[in-house]
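Understanding the architecture of this molecule
Residue-level listing of the chains:
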2 protein chains.
Amino acid sequence: MNSVAIPALDAAAIEAATARQDSLTKPQGSLGRLEEVAIQLAGIQATARPNVDAKWIVVAAADHGVTAQGVSAFPAEVTPQMVANFLGGGAAINVLAKTVGAEVMIVDCGVAGEIPGPTAGLVNRSQGRGTADFTTGPAMSLEQADEAIDSGRQVAGDLATMGAQLIAPGEMGIGNSTSAAAITAVMTGRDVTTVAGRGTGIDDEGLSRKIDAITRGVAKNQPSADDPWGVLSAVGGFEIGFIAGLMLGAASHRIAIVLDGYIATSAALLASQIEPIVTAYMIAGHRSVEPGHGIALEHLGLRPLLELDMRLGEGSGAALAMSVIAAAVNLHNGMATFAEASVSDRDS
Amino acid sequence: MNSVAIPALDAAAIEAATARQDSLTKPQGSLGRLEEVAIQLAGIQATARPNVDAKWIVVAAADHGVTAQGVSAFPAEVTPQMVANFLGGGAAINVLAKTVGAEVMIVDCGVAGEIPGPTAGLVNRSQGRGTADFTTGPAMSLEQADEAIDSGRQVAGDLATMGAQLIAPGEMGIGNSTSAAAITAVMTGRDVTTVAGRGTGIDDEGLSRKIDAITRGVAKNQPSADDPWGVLSAVGGFEIGFIAGLMLGAASHRIAIVLDGYIATSAALLASQIEPIVTAYMIAGHRSVEPGHGIALEHLGLRPLLELDMRLGEGSGAALAMSVIAAAVNLHNGMATFAEASVSDRDS
């Protein structure tokens, strides 16, 4: 393993940033969560004046053998097609990245089908043509689980070298909300029926098949919440392991992480079991309509910034949250203080 | 009165925009409220491809005689000081406007004290040095109420001439959450204790004084929800009347309105009583921590985009929401369709 220790947030920077917030020309606390975010980023970056100009959205794509069980509304061929759409700039995440001023990196962690069209710019971290069907055995070997996490850590190191300050891990993979639900059930101890949702829009029968597949997969592989590598191996996905590693690696380099939806958050459950301090580096970007997502966020002790009924993945909710985070930092650094603006503070 | 009829939203544009949303490379509905916003804007602008490049934040400032009753945590001198801060670019709204790419207009609707420093760029619509204390009589005359609304309509006309596509009315005025609470109590029929909050951060005793002042003001002036001009005259503010007029004027020119916090939303209650169709042009930007704000939004039938525990005013919540609205429009116009990207649609 290529593990680097994750430092604690910087207490002095948090104190200095809090003092600055209280000196700005507004009633104390009146910017609500924007103040919290700016102060958290100060602690992450170990400076009273954080900066998030260098934003990256990293979309990890892979396929899932469990799609054989009829758990998704879309056919598996959509995974490589959407990777081509990302590379061509036509997907939601491309538009959102441009809107918020973020770079996009697309990573093949194990897409099954041929990617149609040119693949220039695609980062190859493929571990094979999709995972195995976890209803009949583990989704991947323990070695593959380790490799998936490790490759995420390595890419975080590359991004740190490039100066990244804020990373939003996104994903694409038909069937991966089934894997996310299985991981969430195991890691939170909640019943499968409470954490499995409709994903991209499956009907009642499909949802029953999904719940059944997860239940059988967990029974077959017997994963334990104490062993996150084992959970990843049993019911996970290559992109989910990659994202967990990306989060651990980002935190070890003092890079803030914006959580996207259910799949990225299931990876956060694994990462936080490996190194609990990683959650201090996380900002929950949004809460999706997937019922398990709120449960996973609650388990992590994180409150989402946005709730816009989204359920797309790709990093889309996190990308949108980046605009709120950027605003929080701009306010923190750009507003005048009471003294600078000669404005009277409150009577008391 | 300078009233122009407000048109209904364009049904053909809504239909065309809905069809476009359903053709984009994402599961239908997976962008949640972003899809709703794009479609609403299509109806407002009467085009399948709306545009919100020309954003304006209009901050209306005025003082309130009811501050004599000790209803605010800040002294009244802060109103002109903050106007100077707006003009100098050091306030939260200046930073947010720059972040979201919006123009800022500052309007003096009736500031009591001298504005310290240069006032270049300040739009003068002053109706006097603050309203009267509404615990002893009406805040303003009926003629002044009419003039306040009319001046807002006129400024909306000016903004329409300048090409504005999205307007966020903001405000500054020590004491104005007391006026907003009084208006909300009258317009929604709710008890004063449920709609009065801590504003910029008043303590328990101050909150008691605030509730008492509103109760006495309503008892003294006997405003009726059927007569919005009468309500504005009885317990309103010059900036609140201006904002109500700005909203009515914007809608008559097919300009979308982003609602900010409690004070702006109290103006929306008056505007919607004058012309109910105006609410079709409104996007609720956020919900503040003021308890009456949620009540007012519910009365209007509007669901806020953001809930970030903000309570600053100035248009700050609406400005932040502009980034979500811009993202919604960019997605609507910039994403590839299934056909363009050769992506398979769902199985069914």
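Reading the values: rules and limits
Residues numbered from 1 in each chain as written. Chains lettered and ligands numbered in written order. Predicted model: local features only at pLDDT ≥ 70, side-chain atom pairs only at ≥ 80, totals over all residues. Heavy atoms only, no water. Helix = DSSP H or I, 4+ residues; strand = E, 2+ residues; numbered from the N terminus. Rg over C-alpha atoms; globule rule 2.2 N^0.38 Å. Buried < 20%, exposed > 50% of the residue type's maximum accessible area, 1.4 Å probe, protein only. Contact = heavy atoms within 4.5 Å. Areas by Shrake-Rupley, 256 points an atom, 1.4 Å probe, with all protein chains shown as cover. Lys, Arg positive; Asp, Glu negative; His and termini not counted. Charge placed at Lys NZ, Arg CZ, Asp CG, Glu CD. Pairing = 2+ DSSP bridges. Least-squares fit on C-alpha atoms with pLDDT ≥ 70 in both. Buried area = accessible area lost by both parts, 1.4 Å probe. Salt bridge = Lys/Arg side-chain N within 4 Å of Asp/Glu carboxyl O. Polar contact = N/O pair within 3.5 Å; in protein donor to acceptor, adjacent residues only side chain to side chain. Nonpolar A, V, L, I, M, F, W, Y, C, P; charged D, E, K, R; others polar. 1 Å grid on protein atoms, 1.4 Å probe; cavity = no way out; pocket = protein on both sides within 12 Å on 5 of 7 lines; lining within 4 Å. Points joined across faces, edges and corners; volume = space filled by probe spheres on them. Axes fitted to C-alpha atoms, helices over the stretch in contact; angles between N-to-C directions. Parallel < 35°, antiparallel > 145°, perpendicular 65-115°, else oblique. Left-handed = near helix turned anticlockwise from the far one by under 90°.

Concerning the overall build of chain A
A tally of regular secondary structure across chain A gives 14 helices and six strands. Its C-alpha atoms give chain A a radius of gyration of 20 Å, within 12% of the compact-globule value 20 Å for 348 residues. Judged by the C-alpha coordinates and their principal axes, chain A covers about 70 × 45 × 40 Å. When each of the 348 residues of chain A is scored for burial, the buried share is 64%. In chain A, of all internal contacts separated by at least 6 residues, the share reaching a separation of at least 24 is 77%. Total accessible area computed for chain A in this model is approximately 11200 Å², and 49% of it derives from carbon and sulfur atoms. Distance between charge centres in chain A, computed from 20 positive and 36 negative side chains, equals 4 Å.

Quick word on the pairing of strand β4 (residues 166–172) of chain B
All names here are of chain B. Among the seven residues in β4, seven count as buried, and that is most of the element. A two-sided burial pattern is seen for β4, the buried positions comprising Leu-166, Ala-168, Gly-170 and Met-172 on one face and Ile-167, Pro-169 and Glu-171 on the other. As paired strands, strand β1 (residues 55–62) and β4 are joined by seven bridges and run parallel to one another. Looking at β4, one finds that Lys-55 is bridged to Leu-166. When β4 meets strand β5 (residues 256–259), the two strands line up parallel, connected through two bridges. Paired with Ile-167 across the two strands is Ile-257, which belongs to β5.

A look at the relation of the copies chain B and chain A
For these two chains of identical sequence, chain B goes onto chain A by a turn of 180 degrees and a shift of 0.0 Å along the axis, with RMSD 0.0 Å. In short, the pair behaves as if placed about a two-fold rotation axis. Most of the interface of chain B is mirrored in chain A, where 100% of its interface residues are also at the interface.

Section: the environment of Met-162 of chain A
All names here are of chain A. Note on placement: Met-162 falls in the loop between α5 (142–161) and β4 (166–172). For Met-162, a relative accessible area of 47% gives the class partly exposed. A C-alpha to C-alpha distance of 8.9 Å links Met-162 and Ala-54, two positions 108 residues apart in sequence. When near neighbours in sequence (up to four residues on either side) are disregarded, Met-162 contacts Trp-56 and Met-105.

Here's the deal with the interface of chain B and chain A
How large an interface is tends to be reported as the accessible area lost when its parts come together. With 53 residues of chain B at the contact, the number on the chain A side is 53 residues. For chain B, the biggest contributors to the area lost against chain A are Phe-74, Leu-308 and Arg-346 of chain B; these three give 13% of the whole. Taken together, chain B and chain A are joined by two salt bridges. Between Arg-303 of chain A and Asp-309 of chain B there is a salt bridge; the shortest N-O distance is 3.1 Å. The tally of links between chain B and chain A comes to 18 residue pairs in polar contact (both at pLDDT 80 or more). Of all the secondary structure elements, the ones that give two or more residues to the side of chain B that touches chain A are α2 (33–45), α3 (78–88), α4 (92–100), α13 (316–334) and α14 (338–341) of chain B. Of the residues forming the side of chain B that touches chain A, the biggest block, seven residues, is contributed by α13 of chain B. Class assignment of the residues belonging to the side of chain B that touches chain A gives a composition of 26 nonpolar, 17 polar and 10 charged.

Comments concerning the side chain of Ser-266 of chain B
Along the chain, Ser-266 of chain B falls in helix α11 (residues 262–274). Those residues within four positions of Ser-266 of chain B in sequence are excluded, and the remaining contacts are Ala-180, Ile-183, Thr-184 and Ile-240 of chain B.

So, the layout of surface pockets
Over the atoms, a rolled probe matching the size of one water molecule traces out where space is still vacant. Counted as a void, the largest pocket has a volume near 300 Å³. Along its surface, the largest pocket is lined by 17 residues, and Thr-99, Val-100, Ser-323 and Ala-326 of chain A together with Thr-99 of chain B are the ones closest to its centre. Of the pockets and cavities examined, the second largest pocket occupies roughly 250 Å³. Taken together, 17 residues make up the lining of the second largest pocket; nearest its centre are Glu-307 of chain A together with Arg-287, Leu-306, Glu-307 and Leu-308 of chain B.

So, the pairing of β5 of chain B
All names here are of chain B. A two-sided burial pattern is seen for β5, the buried positions comprising Ala-256 and Val-258 on one face and Ile-257 and Leu-259 on the other. With three bridges joining them, β5 and strand β6 (residues 282–284) adopt parallel strand pairing. Following the sheet pairing, Val-258 is matched in β6 by Ile-283.

Here we look at the packing of helix α13 (residues 316–334) of chain A against α4 of chain B
Relative to each other, α13 of chain A and α4 of chain B sit at 135 degrees, their axes nearing to 9 Å. By the angle between their directions, the pair α13 of chain A and α4 of chain B is classed as oblique. Of the two possible hands of crossing, α13 of chain A and α4 of chain B adopt the one that is right-handed. Packed against α13 of chain A, whose contacting residues are Ala-327, Asn-330, Leu-331 and Gly-334 of chain A, the element α4 of chain B presents Ala-92, Val-95, Leu-96 and Thr-99 of chain B at the interface. Of the residues contributing to the contact of α13 of chain A with α4 of chain B, the split by class is five nonpolar, three polar and no charged.

Some points on the sheet that holds strand β3 (residues 123–124) of chain A
Residues and elements named next belong to chain A. Here six strands make up an open sheet; going across it, the order is β3-β2-β1-β4-β5-β6 and the pairing parallel. Strand pairing shows two members of the sheet lacking a second neighbour, β3 and β6 (282–284), which therefore form its edges. Contacts from helix α2 (residues 33–45) reach β5 (256–259) and β6, with the element oriented near 160 degrees to β6.

Some words on the packing of helix α6 (residues 176–188) of chain A against helix α12 (residues 291–300) of chain A
The relative placement of two packed helices comes down to the angle between their axes together with the axis-to-axis distance. All names here are of chain A. Running from amino to carboxyl end, α6 crosses α12 at an angle of 40 degrees, the nearest separation of the two axes being 10 Å. When the interaxial angle is binned, α6 and α12 end up oblique. Of the two elements, α6 crosses α12, and the hand of that crossing is left-handed. Two secondary-structure elements touch here, α6 through Thr-184, Met-187 and Thr-188 and α12 through Gly-292, Ile-295, Ala-296 and His-299. The residue inventory of the contact of α6 with α12, partitioned by class, reads three nonpolar, four polar and no charged.

Re the pattern of salt bridges
All names here are of chain B. Counted according to the given criterion, the structure contains 16 salt bridges over all chains. Between Asp-212 and Arg-216 there is a salt bridge, with the nearest N and O atoms lying 2.9 Å from each other. Pair noted here: Asp-212 and Arg-216 are both in helix α8 (residues 204–221), with a separation of four residues, about one helical turn.

Remarks on unusual backbone geometry
All names here are of chain B. Notably, Ala-46 is not glycine yet its phi reads approximately 55 degrees, a positive angle. Even without a glycine there, the phi angle at Asp-309 is positive, about 60 degrees. By secondary structure assignment, the location of Asp-309 is in the loop between α12 (291–300) and α13. With a relative accessible area of 26%, Asp-309 lands in the partly exposed category.

Here's the deal with the sheet that holds β1 of chain B
Residues and elements named next belong to chain B. What the six strands build is an open sheet, ordered β3-β2-β1-β4-β5-β6; its pairing is parallel. Strands with a single pairing partner mark the edges of an open sheet, and in this sheet they are β3 (123–124) and β6. Where helix α10 (residues 238–252) meets the sheet, its contacts fall on β1, β2 (102–110), β4, β5 and β6, and the angle it forms with β4 comes to roughly 175 degrees.

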